[in-house]
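Examining the three-dimensional arrangement
So the chains spell out like this:
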Amino acid sequence: MLDRIRIVLIGTSHPGNIGGVARAMHNMGLADLALVAPRCVPVTADSVSRASGADHLVNAARVVETLEEAVADCTLVVGASARSRTLPWPMITPRELGVRLPKELAGEAARLALVFGREDSGLTNAELQRCHAHVHIPTNPDFSSLNLAAAVQVLAYECRLAWLAGQETPDEEPGQPLATHEELEHYFAHLERTLIAIGFHDPAMPRQLMARLRRFTLRARPERMELNILRGILSETDKRVPGQGDDKDHRHGE
Ligand code: SAH
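Conventions we followed
- Residues numbered from 1 in each chain as written.
- Predicted model: local features only at pLDDT ≥ 70, side-chain atom pairs only at ≥ 80, totals over all residues.
- Heavy atoms only, no water.
- 1 Å grid on protein atoms, 1.4 Å probe; cavity = no way out; pocket = protein on both sides within 12 Å on 5 of 7 lines; lining within 4 Å.
- Points joined across faces, edges and corners; volume = space filled by probe spheres on them.
- Nonpolar A, V, L, I, M, F, W, Y, C, P; charged D, E, K, R; others polar.
- Domains from an automatic or database assignment.
- Phe/Tyr/Trp six-rings, centres within 6.5 Å; stacked < 30°, edge-to-face > 60°.
- Pairing = 2+ DSSP bridges.
- Helix = DSSP H or I, 4+ residues; strand = E, 2+ residues; numbered from the N terminus.
- Contact = heavy atoms within 4.5 Å.
- Axes fitted to C-alpha atoms, helices over the stretch in contact; angles between N-to-C directions.
- Buried < 20%, exposed > 50% of the residue type's maximum accessible area, 1.4 Å probe, protein only.
- Polar contact = N/O pair within 3.5 Å; in protein donor to acceptor, adjacent residues only side chain to side chain.
- Right-handed = clockwise from strand over helix to strand, strands pointing away.

Enumeration according to the criterion identifies one cavity of 30 Å³ or more in this entry. By volume, the largest cavity amounts to about 50 Å³. Residues that form the lining of the largest cavity fall into these classes: three nonpolar, four polar and one charged.

In structure tokens:
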């Protein structure tokens, strides 16, 4: 999914910012950088230094004359804007952008372009109107404009979070079987017997003790192996209680 995301910078005037963008991209696992009519030489000592080891992205960047060329093959074009514009356009938050990505970028040919404007004047209305949607990073309204590389960082991070969410393994890893209902019930019965034997639990005055222990245990979704450890502890406890023992402990053939 991250391979299908292109960062497009229009009219950048500071090589250091291009380096900073390359670093932000490489940190987040993005690699496709396009520069539209840069107003500076992209590869300079400044850009290499700000890239901190990601300058290969600057060297590999495609330099084109127009936005159209940079996004021609993209199926979704999103413009990043620090200001609201006179003509309202579909607006999304950085988080919403991330949430949309798995679906938007599912197909082989799908491509997303995130378009960023000039340091001094941002994106023109004509450029913004070539985008499917605009994304605004919520900032202090009195000081809303982020540094170009910082803006790329925030959106690249949301892309990465969305990608990571898709990589997550399901909660219950296969391999360690969870305790069954029956095993849990045997455990609760054993626990209750032992708690009575050691004088911790008085069935005549239960005060919801067993219900609370049940809730606690069930919330933890214990594995069979974990439950066996707990039962082992109970069995050892039983052995040390006068009048209790292994024979009693296993009287139900558990
Ligand atoms: N002074 C310009 C902003 C330049 S910042 C202006 O007023 O428009 C350079 C680029 O970073 C912007 O064009 C935009 O693409 C991006 N950017 C900066 N702050 C942003 C924000 N809060 N939300 C979305 N994009 C932002």
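A word on the domain arrangement of the protein chain. Structurally, the protein chain comprises domain 1 (2-166) and domain 2 (181-239). One C-alpha centre belongs to domain 1, the other to domain 2, and the line joining them spans 56 Å.

This part is about the packing of aromatic side chains. All told, the structure shown has one aromatic pair when counted by the stated rule. A ring pair is formed by tyrosine 187 and phenylalanine 188, whose centres lie 5.6 Å apart and whose planes are at 55°; its orientation type is tilted.

If you trace the seven strands from one edge of the open sheet to the other, you get E3-E2-E1-E6-E4-E7-E5, paired in parallel fashion. The strands lining the two open edges of the sheet, one partner per strand, are strand E3 (62-64) and strand E5 (91-92). As judged from the two bridges shared by E5 and strand E7 (residues 133-135), these two strands associate in the parallel manner. The residue bridging isoleucine 92 from the neighbouring strand is valine 135, located in E7. Across the sheet, helix H7 (residues 148-167) touches strand E1 (5-10), strand E4 (76-80), strand E6 (112-116) and E7, and the angle it forms with E6 is around 155°.

Our focus in this paragraph is the environment of arginine 83. Note on placement: arginine 83 falls in the loop between E4 and E5. For arginine 83, a relative accessible area of 48% gives the class partly exposed. As a C-alpha pair, arginine 83 and arginine 212 span 129 residues in sequence and 53 Å in three-dimensional space. In contact with arginine 83, other than residues within four places in its own chain, are Ser121, Leu123 and His136. At 3.4 Å, the side chain of arginine 83 forms a polar contact with the backbone oxygen of serine 121.

A few words now on the layout of surface pockets. Empty space within the largest pocket amounts to approximately 380 Å³. Around the largest pocket, the lining is made up of 23 residues, and of these Ala82, Arg118, Gly122, Ser145 and Leu146 lie nearest the centre. Along the lines of polarity and charge, the residues of the lining of the largest pocket split into nine nonpolar, nine polar and five charged.

Right, let's talk about the side chain of threonine 12 for a bit. Along the chain, threonine 12 falls in the loop between E1 and helix H1 (15-28). When sequence neighbours within four positions are dropped, the list of residues in contact with threonine 12 reads Asn17, Ile18, Pro38, Arg39, Cys40, Glu119 and Leu148.

Here the focus is the pairing of strand E2 (residues 32-36). In terms of burial, E2 is a largely internal element, four of the five residues being buried. Pairing of E1 with E2 involves five bridges; the strand directions are parallel. The partner of isoleucine 10 across the bridge, within E2, is valine 36. You can see the chain leave E1, run along H1 and come back into E2, and the turn it takes is right-handed. The sheet contact formed by E2 and E3 spans three bridges and is parallel. Considered in E3, the bridge of valine 36 is made with valine 64.

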